[in-house]
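Coordinate inspection notes
Chain by chain, the residues run as shown.
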Amino acid sequence: MAVVDHALRLFADKGYESTTVDEIAEAAGISRRTFFRQFRSKEDVVFADHEEQLAQARAYLDAAQGDPWDAVCEAVVGVFERFTRTRELAARRYRVVRQVPALRDREIVTVFRYERLFTDYLRTALPQTPDLALIQFTAAVTATHNYLLRRMVRGQSDGGVADLRAALAGIGRGREASGEMVVAVFPRDMPPAQVTEFLGRRLGNL
């Protein structure tokens, strides 16, 4: 991850658009050709550790035994725990991504890849469970992880793995759809985490 570290430092200091691949390669002590053997673009450098995270989460689920809902939660905890080991790197990437619209779009796609990984696993492990219940669960799990991770990288919280596990334990698992439609209206500026928390409390009482 040395190349990623150097790249994020340059992006933070000079700006993403102003930093060239040659500058990244020089800072990392590699050739331009070597850079492109490892990454397809500057954008890929920013999200390189997510590729590793996804691979490790997939491997964990492939070998998981026991309750599939628990397996997804533990896979998410593993992702969070690994990010805490590189907290400064994660914080630097967060600041860079916030400044570049194209990177924010890529981040949304990356979040969806985690959700899809978890949903596909649950579809195989729990074929009788309604698909909507699986999607709702994986979306809530991923959103909870991302909320706590962002608070950590912003320096707003020192919450750790225990906090994440406690939050994940409160997410409903496999509730059968009743056919009843629920309509909710929220202020436009309400933070997404607050919306999720509110819906979790309300829907859990239906």
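Computed from a prediction, not measured in an experiment: that's the story for all the values here.

1. A word on the nonpolar core
Generally speaking, nonpolar side chains in soluble globular proteins are found buried as a group. Counting 35 residues, the largest nonpolar core has Leu61, Val72, Phe118, Leu122, Phe137, Val141 and Leu168 as its most contacted members. Mapped onto this core, the elements with two or more residues apiece are helix H5 (48-63), helix H6 (68-85), helix H7 (87-99), helix H8 (101-125), helix H9 (131-153) and helix H10 (161-169). Ranked by residues supplied to this core, first place goes to H6 with 10 residues. Not counting chain neighbours up to four residues away, the residues in contact with Phe118 comprise Ala57, Leu61, Val72, Ala75, Val76, Thr138 and Thr142. With 20 residues, the next largest nonpolar core counts Leu8, Ala48, Val97 and Val100 among its residues.

2. Points about H5
In this model, H5 (16 residues) spans 24 Å end to end at C-alpha, consistent with the 22 Å of a helix rising 1.5 Å per residue. Considered for burial, the residues of H5 that qualify are Ala48, Asp49, His50, Gln53, Leu54, Ala57 and Leu61. Residues of H5 that are buried sit in contact with helix H1 (2-14), helix H4 (42-46), H6, H7 and H8.

3. A short note on the side chain of His50
On the secondary structure map, His50 appears in helix H5. Of the polar contacts made by the side chain of His50, one reaches the side chain of Tyr114; its length is 2.8 Å. Discounting chain neighbours no more than four positions away, the residues touching His50 are Phe83, Arg93, Thr110 and Tyr114.

4. Thoughts on H8
Under the 1.5 Å per step criterion, the end-to-end length of H8 is 37 Å for 25 residues, consistent within 8% with the ideal 36 Å. Burial in H8 covers these residues: Leu103, Arg106, Glu107, Thr110, Tyr114, Leu117, Phe118, Thr119, Tyr121 and Leu122. The elements touched by buried residues of H8 are H4, H5, H6, H7 and H9.

5. Digging into the packing of H6 against H8
Between H6 and H8, the least distance of the axes is 10 Å, while the angle of their chain directions is 155°. With respect to their mutual orientation, H6 and H8 come out roughly antiparallel. Where H6 crosses over H8, the two elements pack in a sense that is right-handed. Every residue of H8 that contacts H6 at Pro68, Trp69, Ala71, Val72, Ala75, Val76 and Val79 is listed here: Tyr114, Phe118, Tyr121, Leu122 and Ala125. A per-class count over the contact of H6 with H8 returns 12 nonpolar, no polar and no charged.

What counts and what doesn't
Residues numbered from 1 in each chain as written. Predicted model: local features only at pLDDT ≥ 70, side-chain atom pairs only at ≥ 80, totals over all residues. Heavy atoms only, no water. Core = buried A, V, L, I, M, F, W, Y, C linked by side-chain atoms within 4.5 Å. Buried < 20%, exposed > 50% of the residue type's maximum accessible area, 1.4 Å probe, protein only. Helix = DSSP H or I, 4+ residues; strand = E, 2+ residues; numbered from the N terminus. Contact = heavy atoms within 4.5 Å. Expected span 1.5 Å × (residues − 1). Polar contact = N/O pair within 3.5 Å; in protein donor to acceptor, adjacent residues only side chain to side chain. Axes fitted to C-alpha atoms, helices over the stretch in contact; angles between N-to-C directions. Parallel < 35°, antiparallel > 145°, perpendicular 65-115°, else oblique. Left-handed = near helix turned anticlockwise from the far one by under 90°. Nonpolar A, V, L, I, M, F, W, Y, C, P; charged D, E, K, R; others polar.

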